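Each chain, written out:
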Amino acid sequence: MYFHIPNMRFYLSLYFVLILSANAFSQSAARAKLNIEKTDADIKVGAERTAVYLPMLIGKNVAVVANQTSLINSTSLIDSLISLKIKVKKIFCPEHGFRGVAENGEEVSNAIDLKTGLPIISLYGDHLKPTTKDLSGIDVVVYDIQDVGVRCYTYVTTMTNVMEACAEQKKTFLILDRPNPNGYYIDGPILENTYKSFVGIHPVPLVYGMTIAEYALMVNGEKWLANGMHCDLKTVSCENYVHSDWYQLPVAPSPNLPNMAAVYLYPSLVLFEGTVMSVGRGTDLPFQLVGHPKLNNAVLKFTPTPHPGAKKPLYENQVCLGHNLHDFALLYIRDYKGLYLYWILSSYNDMPEKDIYFNDFLEKLAGTKTLRQQIIEKKSEEQIKATWRQGILKFKIIRKNYLLYDDFE
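Residues numbered from 1 in each chain as written. Predicted model: local features only at pLDDT ≥ 70, side-chain atom pairs only at ≥ 80, totals over all residues. Heavy atoms only, no water.

Here we look at the overall build of the protein
No. 1: When you go through the protein residue by residue, the secondary structure sums to 13 helices and 12 strands.
No. 2: Within the protein, contacts between residues separated by at least 24 positions form 73% of all contacts whose residues are at least 6 apart in sequence.
No. 3: With the model as given, the accessible surface of the protein reaches about 17,000 Å², and the carbon-plus-sulfur share is 52%. (Helix = DSSP H or I, 4+ residues; strand = E, 2+ residues; numbered from the N terminus. Contact = heavy atoms within 4.5 Å. Areas by Shrake-Rupley, 256 points an atom, 1.4 Å probe, with all protein chains shown as cover.)

So this is what it looks like as structure tokens:
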């Protein structure tokens, strides 16, 4: 395991945590370090506030955009709505499928839910947006999916596509909001229109500090839907949530984000998907390891093998040399409140074959061609972030208009 110490505050913080407990690398120790008084039980997600939104659904034909995170306590939202006599007609699912087990980029097929008999229509298969046929006879589309607040995490694109279909076909779109576990900071380059794709469709920073409902309000308000259309958007906010909360996700949002360390590391490590580096897919610590078979200055060996959510991982059955960042995330990543670029900068320096380090996906993930050049030119983290500052400041002005919760600033 290796640490980069950008300032004395980190050193003192790390030392203090180690003194607090011999098991300071646990999540409970990390929570204690931050002196968090509010618990997850105090936060009530939108789906739990049935008294608020059931009147909007009674007597209506309803479709639900859902996956394994769509829960009221431990019960599926679909099952709950049906038990409450809501006329659920079909289910739409995003990347990873309704059960959340399909791997990254794997096409998801239409299916029938065995428990309810409802048709499941994939929005990550032969079409990415509900068709006129898909929404025929539907009055309200309910969206309830846990997001992680990163532009390239595709659920926000799916949400936008469903909003657009609802706007075109005059359907009401109802979002049941959930906390953003990475909603306590904003960082990264603004997406340039040239690099618009399914992993980034709006001019926002890589980490935008908004819940899904706040984001939808921004999409509507800024007229980012096709032809400036306006969606009939309704939102049910969370209770007792603020952006600075340490919110522990009750269910993994996707197969390769199995725990909170991975969720917190994801914004910084996802950029490695635009390189030859492994981020630990095919191990028990996806998005908590970084490595490559030829990486210099490594302190760890790991071997990717087929795992759930990673049937054919990068460097399958090859020994990778790298670093374990799991404990680092629990100790420090939230205190940093930003993208942590040290790892991608240092791994570029530690790769002997620099001419093959990047792939074409980096520009789509970063939303700009500038980052690749900055890494090649060995710009420092501070120099790179300075080039993002003006765009972030402009975005914050826009973002402020759509916040539903107390901000972290």
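Comments concerning the nonpolar core
Generally speaking, soluble globular proteins have nonpolar side chains that are buried together.
No. 1: Among the nonpolar cores identified, the biggest contains 124 residues, and Tyr53, Met159 and Phe173 are the most heavily contacted of them.
No. 2: In this structure, tyrosine 53 is in contact with Gly46, Ala47, Ile72, Leu77, Leu81, Leu174, Leu176 and Val236, ignoring residues within four places of it in sequence. (Core = buried A, V, L, I, M, F, W, Y, C linked by side-chain atoms within 4.5 Å. Buried < 20%, exposed > 50% of the residue type's maximum accessible area, 1.4 Å probe, protein only.)

Observations regarding the packing of aromatic side chains
No. 1: Following the criterion strictly, the structure yields 21 aromatic pairs and no others.
No. 2: The interplanar angle of 65 degrees and the centroid separation of 5.1 Å between the aromatic rings of tyrosine 266 and phenylalanine 287 together place this pair among those described as edge-to-face. Of this pair, tyrosine 266 sits in helix α7 (residues 260–269) while phenylalanine 287 sits in the loop between α7 and β10 (289–292), and the two are 21 residues apart along the sequence. The residues tyrosine 266 and phenylalanine 287 share a single accessibility class, namely buried.
No. 3: Through pairs of rings, three or more aromatic residues link up here, namely Phe328, Tyr332, Tyr336, Tyr340, Tyr342 and Trp343.
No. 4: Its guanidinium or amino end placed over the ring of tyrosine 184, arginine 334 lies 4.1 Å from that ring's centre, counting from NZ or CZ.
No. 5: Geometry around tyrosine 348 places lysine 354 over its ring, the cationic atom sitting 5.7 Å from the centre. (Phe/Tyr/Trp six-rings, centres within 6.5 Å; stacked < 30°, edge-to-face > 60°. Lys NZ or Arg CZ within 6 Å of the ring centre and 35° of its normal.)

Looking at the packing of α7 against helix α8 (residues 326–336)
No. 1: With their axes 9 Å apart at the nearest point, α7 and α8 run at an angle of 65 degrees to one another. Relative to α8, α7 is oriented roughly perpendicular. The two elements α7 and α8 cross, and the hand of that crossing is left-handed. When α7 is examined against α8, the residues Ala261, Tyr264 and Leu265 are found in contact with a partner set consisting of His326, Ala329, Leu330, Ile333 and Arg334.
No. 2: Here the contact of α7 with α8 is built from residues that sort into 6 nonpolar, 1 polar and 1 charged. (Axes fitted to C-alpha atoms, helices over the stretch in contact; angles between N-to-C directions. Parallel < 35°, antiparallel > 145°, perpendicular 65-115°, else oblique. Left-handed = near helix turned anticlockwise from the far one by under 90°. Nonpolar A, V, L, I, M, F, W, Y, C, P; charged D, E, K, R; others polar.)

Overview of the sheet that holds strand β12 (residues 320–324)
No. 1: Read from one edge of the open sheet, 3 strands run β10-β12-β11, paired in antiparallel fashion. Strands at the two margins of the open sheet, each flanked by one partner only, are β10 and β11 (300–302). Averaged over neighbouring strand pairs, the angle between their axes works out to 45 degrees when direction is ignored. (Pairing = 2+ DSSP bridges.)

Some thoughts on the confidence of the model for the protein
No. 1: On average, residues of the protein carry a pLDDT of 90, and 88% of them reach 70 or more.
No. 2: Note that residues 1–36 has pLDDT below 50 and, in this model, 55 contacts with residues that lie over four places away or in other chains. (pLDDT = per-residue confidence, 0-100.)

Details of the pattern of salt bridges
No. 1: Summed over the entire model, instances satisfying the criterion amount to 13 salt bridges.
No. 2: Across the pair glutamate 381 and lysine 385 runs a salt bridge whose closest N-O atoms are separated by 3.8 Å. Linking glutamate 381 with lysine 385, this pair stays in helix α12 (residues 381–386), spanning 4 residues, or about one helical turn. Lysine 385 carries the same exposure label as glutamate 381, and that label is buried. (Salt bridge = Lys/Arg side-chain N within 4 Å of Asp/Glu carboxyl O.)

Quick word on the layout of surface pockets
No. 1: There is about 250 Å³ of room inside the second largest pocket.
No. 2: Lining the second largest pocket are 14 residues, and of these Ile186, Asp187, Lys337, Ile392 and Lys396 lie nearest its centre.
No. 3: In terms of residues, the lining of the second largest pocket owes the most to one element, helix α13 (residues 389–400), which gives 4 residues.
No. 4: Grouping the constituent residues of the lining of the second largest pocket by class yields 7 nonpolar, 1 polar and 6 charged. (1 Å grid on protein atoms, 1.4 Å probe; cavity = no way out; pocket = protein on both sides within 12 Å on 5 of 7 lines; lining within 4 Å. Points joined across faces, edges and corners; volume = space filled by probe spheres on them.)

Considering the side chain of serine 254
No. 1: The residue serine 254 is located in the loop between β9 (232–236) and α7 in this model.
No. 2: For serine 254, the side chain forms a polar contact with the side chain of tyrosine 153, separated by 2.6 Å.
No. 3: Setting aside residues no more than four positions away along its own chain, serine 254 makes contact with Gln68, His96, Tyr153 and Tyr155. (Polar contact = N/O pair within 3.5 Å; in protein donor to acceptor, adjacent residues only side chain to side chain.)

Examining the pairing of strand β7 (residues 140–144)
No. 1: With respect to burial, β7 is a largely interior element, 5 of its 5 residues being buried.
No. 2: The alternating pattern of β7 places Val140, Val142 and Asp144 and Val141 and Tyr143 on opposite faces, both of which are buried.
No. 3: Sheet topology places strand β1 (residues 61–66) next to β7; 5 bridges connect them, and they run parallel. Residue pairing in the sheet places alanine 63 in a bridge with valine 141 of β7.
No. 4: Pairing between β7 and strand β8 (residues 172–176): 4 bridges, direction parallel. From the neighbouring strand, valine 141 faces β8, where its bridge partner is phenylalanine 173.
No. 5: Between the parallel elements β7 and β8, the chain passes through helix α5 (residues 155–169) in a crossover that is right-handed. (Right-handed = clockwise from strand over helix to strand, strands pointing away.)

Quick look at the environment of arginine 399
No. 1: Tracing the sequence through the fold places arginine 399 in helix α13.
No. 2: Accessibility expressed as a relative area gives 2% for arginine 399, which makes it buried.
No. 3: Along the primary structure arginine 399 and tyrosine 208 are separated by 191 residues, whereas in three dimensions their C-alpha atoms are 8.5 Å apart.
No. 4: Leave out the neighbours within four places in its chain, and arginine 399 touches Ile186, Tyr208, Gly209, Met210, His243, Asp407 and Phe408.
No. 5: Separated by 2.8 Å, the side chains of arginine 399 and aspartate 407 make a polar contact.

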